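# Coordinates in review
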Amino acid sequence: MVGCRSLPQMCLLGPVPPRTPGRSDAQVPSDAALGASRYARISYVYFYSEDDPDDVAFGLLDVEIAVQRRARDEFRLEIYCIGDGYQSGHGSSAAAPLIVELKAGDRTVARAHWRYPDVLNGHMDPLTLSTSVDLSEADFEALDHVYLPSVRAEAMICLE
């Protein structure tokens, strides 16, 4: 196993994008009819070897994030992405979970930790998370961006 690290990522929250013929439909929230949502999309989160920062071990592609009000004082965070196992390794969150910070300006209003499933070498598999988050109505209304700090991961290098 080799240690890896992601780079920090940030994206703005907004409405769920409308359907269009040229773009795939949003995968989260799983049921938009259940309540108001805030949506964000990060193109990629790659994990780079700590020993060789030019070596991409594995990644998460098209990371879609939604925060949805399901009922009064009940909020759900959903994530959908594709695990990119077509780099140099088989990736694991065993070293540390992916951290998702929901932000309102400079303030972190909620944080979730996701131990995503293993990203298998030679695979492009969908990965999902659905979890409750502790938010107030005012915090939900103030949400404006998502921040993913740099985190560790482990990879088994699988080069032929």
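I will try to describe carefully the structure that is included in this document.

This paragraph deals with the overall build of the protein chain. Secondary structure summary: the protein chain contains one helix and 11 strands in total. Along the protein chain, helices (α) and strands (β) appear in the sequence β-β-β-β-β-β-β-β-β-α-β-β when read from the amino end. In terms of C-alpha radius of gyration, the protein chain reaches 16 Å, essentially the compact-globule figure of 15 Å for 160 residues. The principal-axis extent of the C-alpha atoms belonging to the protein chain is close to 50 × 35 × 20 Å. Counting over 160 residues, the protein chain shows a buried share of 46%. Here the contacts in the protein chain between residues at least 6 apart in sequence split such that 72% fall between residues at least 24 apart. Approximately 8,100 Å² of the protein chain is accessible, and the part contributed by carbon and sulfur atoms is 50%. Considering the protein chain, the positive charge centre built from 14 side chains and the negative charge centre built from 24 side chains are found 8 Å apart.

Here I79 is to be found in strand 5 (residues 74-84). Judged by relative accessible area, I79 falls into the buried class, the value being 2%. Each C-alpha atom of the pair I79 and P29 lies 8.2 Å from the other, and the pair is 50 residues apart in sequence. Ignoring anything within four residues of it in the chain, the contact list for I79 reads V28, V63, E64, I65, V100, W114, L127, T128 and L129.

Bringing the pairing of strand 10 (residues 145-148) into the picture now. In regular strands, side chains alternate between the two faces of the sheet. Where strand 2 (residues 9-12) and strand 10 come together, four bridges link them in antiparallel fashion. Residue pairing for strand 10: Q9 is matched across the bridge by L148. One ladder, built from three bridges, connects strand 7 (residues 98-104) with strand 10; its direction is antiparallel. Across the sheet, the residue bridging to K103 is H145, located in strand 10.

Definitions and cut-offs
Residues numbered from 1 in each chain as written. Predicted model: local features only at pLDDT ≥ 70, side-chain atom pairs only at ≥ 80, totals over all residues. Heavy atoms only, no water. Helix = DSSP H or I, 4+ residues; strand = E, 2+ residues; numbered from the N terminus. Rg over C-alpha atoms; globule rule 2.2 N^0.38 Å. Buried < 20%, exposed > 50% of the residue type's maximum accessible area, 1.4 Å probe, protein only. Contact = heavy atoms within 4.5 Å. Areas by Shrake-Rupley, 256 points an atom, 1.4 Å probe, with all protein chains shown as cover. Lys, Arg positive; Asp, Glu negative; His and termini not counted. Charge placed at Lys NZ, Arg CZ, Asp CG, Glu CD. Pairing = 2+ DSSP bridges.

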